[in-house]
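If you want the building blocks of each chain, they are given just below.
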2 protein chains.
Amino acid sequence: MIFQRPLTSVVRSSAFASSSRVTLPALAFRRTLATVRDAPASSASTKAPTAVVMMNMGGPSTIPEVHDFLSRLFHDHDLIPLPFQSILAPVIAKRRTPQIEKQYTDIGGGSPILKWTRYQGKAMCEMLDELNPESAPHKPYVAFRYAKPLTEDCLEEMKKDGVKRAVAFSQYPQYSCSTTGSSLNELFRVARKDGYGAEGTVEWSVLDRWPVNQGLVEAFAQNIRTALQAYPEERRNDVVVLFSAHSLPLEIVNRGDPYTAEVAATVHAVMSQLGFTNPWRLTWQSQVGPRAWQGPQTASAIEGFSKIGKKDICLVPIAFTSDHIETLYELDIEVKEEAEKLGVHLTRAESLNDSPIFIRAIADLVSKHLKDYDAGRIGATGKQIQLRCPGCTNPKCGKTKEWLATGGKAVTV
Amino acid sequence: MIFQRPLTSVVRSSAFASSSRVTLPALAFRRTLATVRDAPASSASTKAPTAVVMMNMGGPSTIPEVHDFLSRLFHDHDLIPLPFQSILAPVIAKRRTPQIEKQYTDIGGGSPILKWTRYQGKAMCEMLDELNPESAPHKPYVAFRYAKPLTEDCLEEMKKDGVKRAVAFSQYPQYSCSTTGSSLNELFRVARKDGYGAEGTVEWSVLDRWPVNQGLVEAFAQNIRTALQAYPEERRNDVVVLFSAHSLPLEIVNRGDPYTAEVAATVHAVMSQLGFTNPWRLTWQSQVGPRAWQGPQTASAIEGFSKIGKKDICLVPIAFTSDHIETLYELDIEVKEEAEKLGVHLTRAESLNDSPIFIRAIADLVSKHLKDYDAGRIGATGKQIQLRCPGCTNPKCGKTKEWLATGGKAVTV
């Protein structure tokens with residue numbers, strides 16, 4: 001069951017009794033939680049907060065931010081190792097800006113990822129105050145890799161709040177060196193440069209992966225069940241559930257990056273949660289450039305299925321939790337247009353966004369992490385993140401991991 | 001828990017009370033079960049048995065069988081689609097025979113896969129007679145794809161026994177078109193050619209994949225725990241658990257073959273069962289020929305780990321259940337030799353072979369399958385096997401799947 005720990009009956013009955021989130025008005029949900037936590041929050045308000053740092057790639061919230069977003073992205077050697085990166089990155093970023101600006105315009109003028117992350121973080125921390133009064137108050141911080149608020153903005157806010165204890169919480173459920181790894185490398189770099197956040201000023205612990213977290217899996221399953229309702233009952237169980245995750249260059253896969261295997265684990269857990277009611281496949285999207293990427297590709301798979309007469313397909317973005325350009329533009333506009341030409345009845349499971357099952361899941365995840373850490377059942381990092389890839393070519397990773405393993409205390413790495 | 005259904009206290013206390021199979025003499029285990037089932041077995045002995053057909057690739061039991069094994073393998077268009085296959089296959093088989101004969105000589109004169117399959121099948125069916133008296137007696141049959149007993153031998157034996165109900169039980173826990181798919185295509189081909197087994201003479205149902213079966217996962221976990229005992233306690237939890245599965249050409253992965261994702265699901269379930277005590281990676285072995293294969297490669301990963309100072313590595317074959325040439329020769333001789341040169345302390349978790357946890361797992365799996373089928377909760381096949389790969393290039397697969405979906409009744413496909 002996903003609700004493993006007790007919450008007060010008020011919260012449970014109002015926000016979580018229903019298995020379908022569409023019956024729950026988001027506002028009522030927030031108001032109820034606020035009422036519940038009034039007392040502990042005020043009594044704890046003089047303490048510096050326990051920080052929950054939500055790390056993600058981020059996206060430009062407005063069109064004028066697109067260029068800087070792309071520029072940071074192409075400068076990230078952990079993500080895209082280019083030769084002469086400092087010269088090439090600005091050129092590529094500038095050249096791609098108009099096209100990407102148009103894509104963000106088409107989805108409403110910017111990425112909603114900051115809006116959703118703030119929403120999730122606030123609701124999660126309200127629950128945490130109730131679940132973990134011993135570490136309350138909890139405050140969400142956002143550290144995006146390529147858009148504001150950046151890691152430096154996050155650390156500045158934490159410093160102002162006097163934070164001494166923080167959880168680095170990757171918002172990527174599955175770990176890749178090019179996503180979570182890059183965010184953690186950036187945290188180490190900025191903290192060491194600015195002083196605050198490194199050298200023991202903050203006690204860090206890391207939640208680096210949670211691919212089969214029970215609440216995450218149920219939240220995905222619930223959104224798939226809802227999406228499948230769009231098909232007539234007699235065809236519903238034959239709809240292809242097509243999981244789609246951002247692909248990875250094979251060069252990174254072959255180094256031993258754990259991402260593809262962890263995405264596959266999520267997919268199997270979700271299908272298991274659904275009782276294997278439908279056929280499914282895992283495919284990969286967003287390949288760019290001349291390199292070979294992990295396949296099969298999402299768009300080709302849809303074309304292939306249409307050729308063998310499978311025309312009912314429900315897409316499920318499985319490696320991001322919030323909507324962003326890859327769901328709202330690539331899947332909902334580009335892929336959908338192609339599918340319509342092929343006569344495919346394509347739907348998409350909603351991203352987790354404001355799913356109360358998802359928000360309860362991340363609250364439970366962080367709650368357990370804090371309790372396990374405080375009780376000494378876990379250390380600052382897990383065993384898996386300590387293991388560098390067998391083909392690792394990035395010495396930064398090793399240093400970051402050593403630093404994190406000491407809870408951010410190490411000064412010599 | 002893995003033991004979901006009750007068995008008599010005699011069996012439970014003697015064979016399964018211990019979590020470690022090394023404490024259980026195999027002979028005592030078999031004798032106990034035989035005693036338990038004497039009564040139901042004799043009363044049911046006039047009925048034709050319910051067949052449990054254990055499908056696998058097989059291996060040559062003796063050196064003189066190597067050539068025919070290779071010849072069948074290179075003739076299998078579902079596994080290796082060669083141009084001019086009927087001309088090329090004999091040439092390649094003949095050329096490779098001496099080298100492969102030497103490998104089988106080095107592991108003791110043949111593959112133990114038939115021995116283990118027979119052992120597992122016998123013990124499984126003895127349990128099934130007790131778990132499912134309504135469908136007793138149960139009899140194990142072996143249908144290997146490239147070695148004796150072949151599908152035709154299996155069907156001939158079934159015919160002689162008057163079998164009318166059979167479970168096609170893939171011994172590959174994870175489904176690939178080139179393994180389980182090839183075996184099922186062969187079943188359809190031979191049954192249709194010989195008459196018996198097709199056109200409703202046998203009522204078939206299919207157990208085509210079971211990658212995260214709880215007993216399977218616990219059996220793997222148990223063998224890993226045992227293997228890790230070889231390391232001193234202070235280093236034990238830092239040993240890299242290196243799962244290794246037979247690789248697949250990327251051409252097949254890119255068609256949408258579900259194998260790699262299902263192997264990853266097994267790996268995650270096993271690590272979860274172990275409580276994520278150790279760092280781990282999933283790598284792929286046995287690549288041959290000029291094509292690109294799914295990586296990273298097992299041998300390269302060991303080399304890479306040794307370079308970054310990770311010298312304690314425990315190999316875990318995760319996509320086969322019994323020992324065969326890929327474990328006994330490739331891992332235990334070839335890979336081990338290379339690892340020793342690198343100063344790596346390499347161990348290997350035992351294959352499941354005679355693991356009583358594993359045998360109880362497959363008995364439970366088939367038991368539930370039979371009960372669910374008889375109660376109408378499942379059909380002849382699951383939803384997933386019905387979905388051909390989006391890039392499928394093998395029309396045989398579609399026909400086989402149509403035939404299996406009718407429980408082997410269809411005559412027009």
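Keep in mind the model is a prediction, meaning the values are calculated, not measured.

## Examining the nonpolar core
Phase 1: Core analysis: the biggest nonpolar cluster contains 112 residues, and Phe-243 of chain A together with Phe-243 of chain B have the highest contact counts within it.
Phase 2: For Phe-243 of chain B, the contacting residues outside a window of four places in its chain are Ile-224, Val-267, Val-270, Met-271, Trp-280, Arg-281, Leu-282, Thr-283, Val-316 and Ile-318 of chain B.

## Observations regarding unusual backbone geometry
Residue and element names in this part refer to chain A.
Phase 1: Cis geometry marks the peptide bond from Gly-295 to Pro-296; its omega dihedral reads 0 degrees.
Phase 2: Tracing the backbone through its elements, the reader meets Pro-296 in the loop between β6 (280-285) and α12 (298-307).
Phase 3: Positioned with a positive phi, Glu-199 is a non-glycine residue whose angle comes to about 50 degrees.
Phase 4: With respect to the helices and strands, Glu-199 occurs in the loop between α7 (180-194) and β4 (203-207).

## With respect to the sheet that holds strand β2 (residues 138-144) of chain B
All names here are of chain B.
Phase 1: With parallel pairing, 4 strands are arranged side by side in an open sheet as β2-β1-β3-β4. Taken across any chain shown, the strands that pair with only one partner, and hence form the sheet edges, are β2 and β4 (203-207). Pairwise comparison of adjacent strand axes, ignoring direction, gives a mean angle of 25 degrees for this sheet.
Phase 2: In this sheet, β4 lies alongside strand β3 (residues 165-170) in parallel orientation, the contact comprising 5 bridges. Across the sheet, the residue bridging to Val-167 is Ser-205, located in β4.

## Re the side chain of Ser-286 of chain B
Residue and element names in this part refer to chain B.
Phase 1: Within the secondary structure, Ser-286 sits in the loop between β6 (280-285) and α12 (298-307).
Phase 2: By relative accessible area, which is 12% here, Ser-286 ends up buried.
Phase 3: Polar contacts involving the side chain of Ser-286 include one to the side chain of Gln-285, which spans 3.3 Å.
Phase 4: A distance of 2.6 Å separates the side chain of Ser-286 from the side chain of Glu-330, its partner in a polar contact.
Phase 5: If sequence neighbours within four positions are ignored, Ser-286 has contacts with His-246, Trp-293, Glu-326 and Glu-330.

## Description of the packing of aromatic side chains
Phase 1: Within this structure, the stated rule accounts for 17 aromatic pairs over all chains.
Phase 2: With a centroid separation of 6.4 Å and 55 degrees between ring planes, the pair formed by Tyr-172 of chain B and Phe-320 of chain B is classed as tilted. In this pair, Tyr-172 of chain B sits in the loop between β3 and α7 (180-194) while Phe-320 of chain B sits in the loop between β7 (312-317) and α13 (325-341), placing the two residues 148 residues apart along the sequence. The pair formed by Tyr-172 of chain B and Phe-320 of chain B is uniform in burial state, with each residue classed as buried.
Phase 3: Note on Phe-276 of chain B and Trp-280 of chain B: the rings are 5.5 Å apart at their centroids and 35 degrees apart in plane angle, and the pair reads as tilted.
Phase 4: For Trp-280 of chain B, a relative accessible area of 8% translates into the label buried.
Phase 5: One aromatic cluster in this structure is built from Phe-169, Trp-210 and Phe-358 of chain A.
Phase 6: Its guanidinium or amino end placed over the ring of Trp-116 of chain A, Lys-115 of chain A lies 4.3 Å from that ring's centre, counting from NZ or CZ.

## A look at α12 of chain A
Phase 1: Those residues of α12 of chain A lying buried are Thr-298, Ala-301, Ile-302, Gly-304, Phe-305 and Ser-306 of chain A.
Phase 2: With its phi angle positive at about 85 degrees, Gly-309 of chain A sits one or two positions after the end of α12 of chain A.

## Re the relation of the copies chain B and chain A
Phase 1: Mapping chain B onto chain A calls for a rotation angle of 180 degrees and an axial translation of 0.0 Å; the resulting RMSD is 0.0 Å. This pairing of chains is accounted for by a two-fold axis. Within chain B, Ala-265 of chain B has its C-alpha nearest the rotation axis, a separation of 2.2 Å.

## Let's talk about the domain arrangement of chain A
Residues and elements named next belong to chain A.
Phase 1: Here chain A is partitioned into domain 1 (63-106) and domain 2 (214-348).
Phase 2: Just the C-alpha atoms count here: the centres of domain 1 and domain 2 sit 26 Å apart.
Phase 3: The interface of domain 1 with domain 2 comprises 6 residues on the first partner and 6 residues on the second.
Phase 4: Three residues, Gln-103, Tyr-104 and Asp-106, lead the burial of domain 1 against domain 2; their summed loss comes to 62% of the area buried on that side.

## Quick notes on the interface of chain B and chain A
Phase 1: Each partner contributes residues to the interface: chain B has 35 residues there, and chain A has 35 residues.
Phase 2: On the chain B side of the interface with chain A, the three residues burying the most area are Arg-281, Lys-383 and Leu-387 of chain B, jointly 24% of the side's total.
Phase 3: Along the contact surface separating chain B from chain A lie 2 salt bridges.
Phase 4: One salt bridge in this structure joins Lys-383 of chain B and Asp-238 of chain A, with 2.6 Å as the shortest N-O distance.
Phase 5: Along the contact surface separating chain B from chain A lie 11 residue pairs in polar contact (both at pLDDT 80 or more).
Phase 6: Looking at the side of chain B that touches chain A, the elements with two or more residues in it are α10 (250-255), α11 (259-273), β6, α12 and α15 (383-386) of chain B.
Phase 7: For the side of chain B that touches chain A, the element with the most residues is α11 of chain B, which contributes 4 residues.
Phase 8: The residue makeup of the side of chain B that touches chain A, split by class, is 20 nonpolar, 10 polar and 5 charged.

## Some remarks on helix α3 (residues 66-75) of chain A
Phase 1: The complete set of buried residues in α3 of chain A reads Val-66, Phe-69, Leu-70, Ser-71, Leu-73 and Phe-74 of chain A.
Phase 2: Against the buried residues of α3 of chain A lie α4 (85-106) of chain A.

## Some points on the sheet that holds β6 of chain B
Residue and element names in this part refer to chain B.
Phase 1: Ordered in space as β6-β5-β7-β8, the 4 strands form an open sheet in which the pairing is parallel. For this open sheet the edge positions go to β6 and β8 (345-348), each flanked by a neighbour on one side alone. Averaged over all pairs of adjacent strands, the angle between their axes in this sheet comes to 30 degrees, without regard to strand direction.
Phase 2: Note that strand β5 (residues 240-246) and β6 share 6 bridges and pair parallel.

## Quick word on a nonpolar patch on the surface
Residue and element names in this part refer to chain A.
Phase 1: Where nonpolar side chains cluster on the molecular surface, the patch consists of Phe-84, Ile-87 and Leu-88 and spans about 330 Å² of accessible area.
Phase 2: Within the secondary structure layout, Phe-84 lies in the loop between α3 and α4.
Phase 3: Residue classification places Phe-84 among the exposed positions, given a relative accessible area of 65%.

## Some thoughts on the packing of helix α8 (residues 214-228) of chain B against α11 of chain B
Residues and elements named next belong to chain B.
Phase 1: Between α8 and α11, the least distance of the axes is 9 Å, while the angle of their chain directions is 60 degrees. Along this stretch, α8 crosses α11, giving a crossing that reads as right-handed. Here Gln-214, Val-217, Glu-218, Phe-220, Ala-221, Ile-224 and Arg-225 of α8 lie close against α11, whose contacting residues are Thr-266, Ala-269, Val-270 and Gln-273.
Phase 2: Along the lines of polarity and charge, the residues of the contact of α8 with α11 split into 6 nonpolar, 3 polar and 2 charged.

## Regarding the pairing of strand β1 (residues 50-56) of chain A
All names here are of chain A.
Phase 1: For β1, the tally of buried residues reaches 7 of 7 residues, placing the bulk of the element in the interior.
Phase 2: The side-chain alternation of β1 yields two buried faces, one formed by Thr-50, Val-52, Met-54 and Asn-56 and the other by Ala-51, Val-53 and Met-55.
Phase 3: Relative to strand β3 (residues 165-170), β1 is paired through 6 bridges, and the arrangement is parallel. Within β3, the position partnered with Ala-51 by the bridge is Ala-166.
Phase 4: Bridge analysis of β1 against strand β2 (residues 138-144) gives 7 bridges, and the strand direction is parallel. Residue pairing for β2: Val-52 is matched across the bridge by Pro-140.

Rules used throughout
Residues numbered from 1 in each chain as written. Chains lettered and ligands numbered in written order. Predicted model: local features only at pLDDT ≥ 70, side-chain atom pairs only at ≥ 80, totals over all residues. Heavy atoms only, no water. Core = buried A, V, L, I, M, F, W, Y, C linked by side-chain atoms within 4.5 Å. Buried < 20%, exposed > 50% of the residue type's maximum accessible area, 1.4 Å probe, protein only. Contact = heavy atoms within 4.5 Å. Helix = DSSP H or I, 4+ residues; strand = E, 2+ residues; numbered from the N terminus. Pairing = 2+ DSSP bridges. Axes fitted to C-alpha atoms, helices over the stretch in contact; angles between N-to-C directions. Polar contact = N/O pair within 3.5 Å; in protein donor to acceptor, adjacent residues only side chain to side chain. Phe/Tyr/Trp six-rings, centres within 6.5 Å; stacked < 30°, edge-to-face > 60°. Lys NZ or Arg CZ within 6 Å of the ring centre and 35° of its normal. Least-squares fit on C-alpha atoms with pLDDT ≥ 70 in both. Domains from an automatic or database assignment. Buried area = accessible area lost by both parts, 1.4 Å probe. Salt bridge = Lys/Arg side-chain N within 4 Å of Asp/Glu carboxyl O. Nonpolar A, V, L, I, M, F, W, Y, C, P; charged D, E, K, R; others polar. Patch = residues over 30% accessible without salt bridge, like charges linked within 9 Å, V, L, I, M, F, W, Y side chains within 5 Å. Areas by Shrake-Rupley, 256 points an atom, 1.4 Å probe, with all protein chains shown as cover. Left-handed = near helix turned anticlockwise from the far one by under 90°.

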